[in-house]
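So you can see what is in the structure, the chains are spelled out below.
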Amino acid sequence: MQALLEIDLLNRHKIEPVLYRDAMAQYAGHVQIVTTEHEGVRRGVTITAACSVSDNPPTVLACLNNSNASNGVFFESGRFALNTLGARHQTLANAFAGFGSLSADERFGMAEWISLATGAPVLKDAIVSFDCRVVDMKVTATHTVLFGEVAGVHFGPKDESLIYLDRGYHSL
């Protein structure tokens, strides 16, 4: 039976990237801004590819696109914060997604930031932020997966969650 399964997998057609992206557009994701700072350079990116890995030790993961050379600071810093956005953060999410051609300083200037244990920028009014030390990185296809052990947690004001689904923002 195992041999038949392997043969079937080998004979399947490759899923085209456009089809895959269309399918993933139906996969709801919580909108987050992942941030870091290294040698005076701050970087932040809006993502939905993040999740909990374990509660012992507390660990999260965040996926970053390798095609953006500016993301290299994440790989060098050894730290990141995963900032969970509320419905009120849609403009901030767009800015950190690269809409509006704002500089990093202009993006960070749109909100108030604090630091916890690692020194990574933590969004003060995020629903919740996870301050992390990088414990592992894995390059897979077009992305690098950062695994971070949570060194600090910050709770902001309660709000509806900002969700990305069907190529648009929603709140829940």
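Here's a quick rundown of the structure. (Residues numbered from 1 in each chain as written. Predicted model: local features only at pLDDT ≥ 70, side-chain atom pairs only at ≥ 80, totals over all residues. Heavy atoms only, no water.)

**Quick notes on the sheet that holds strand β11 (residues 162–165)**
- In spatial order, the strands read β1-β11-β12; together these 3 strands make up an open sheet with antiparallel pairing. This sheet does not close on itself; its edge strands, each paired only once, are β1 (29–30) and β12 (168–171).
- Bridge analysis of β11 against β12 gives 4 bridges, and the strand direction is antiparallel. Counterpart to Leu-162 in the pairing with β12 is Ser-171. (Pairing = 2+ DSSP bridges. Helix = DSSP H or I, 4+ residues; strand = E, 2+ residues; numbered from the N terminus.)

**Overview of the nonpolar core**
- The biggest cluster of nonpolar side chains holds 14 residues, and the ones touching the most others in it are Val-34, Ile-47, Leu-64, Phe-74, Phe-80 and Leu-82.
- Contributing elements (two or more residues each) for this core: β3 (41–47), β5 (58–65), α3 (72–77), β6 (79–84) and β10 (143–155).
- Here this core takes 3 residues from β5, the largest share from any one element.
- In contact with Ile-47, other than residues within four places in its own chain, are His-30, Val-31, Gln-32, Val-34, Ala-62, Cys-63, Leu-64 and Leu-82.
- Counting 11 residues, the second-largest nonpolar core is a separate cluster that includes Val-31, Phe-108, Leu-123 and Ala-126. (Core = buried A, V, L, I, M, F, W, Y, C linked by side-chain atoms within 4.5 Å. Buried < 20%, exposed > 50% of the residue type's maximum accessible area, 1.4 Å probe, protein only. Contact = heavy atoms within 4.5 Å.)

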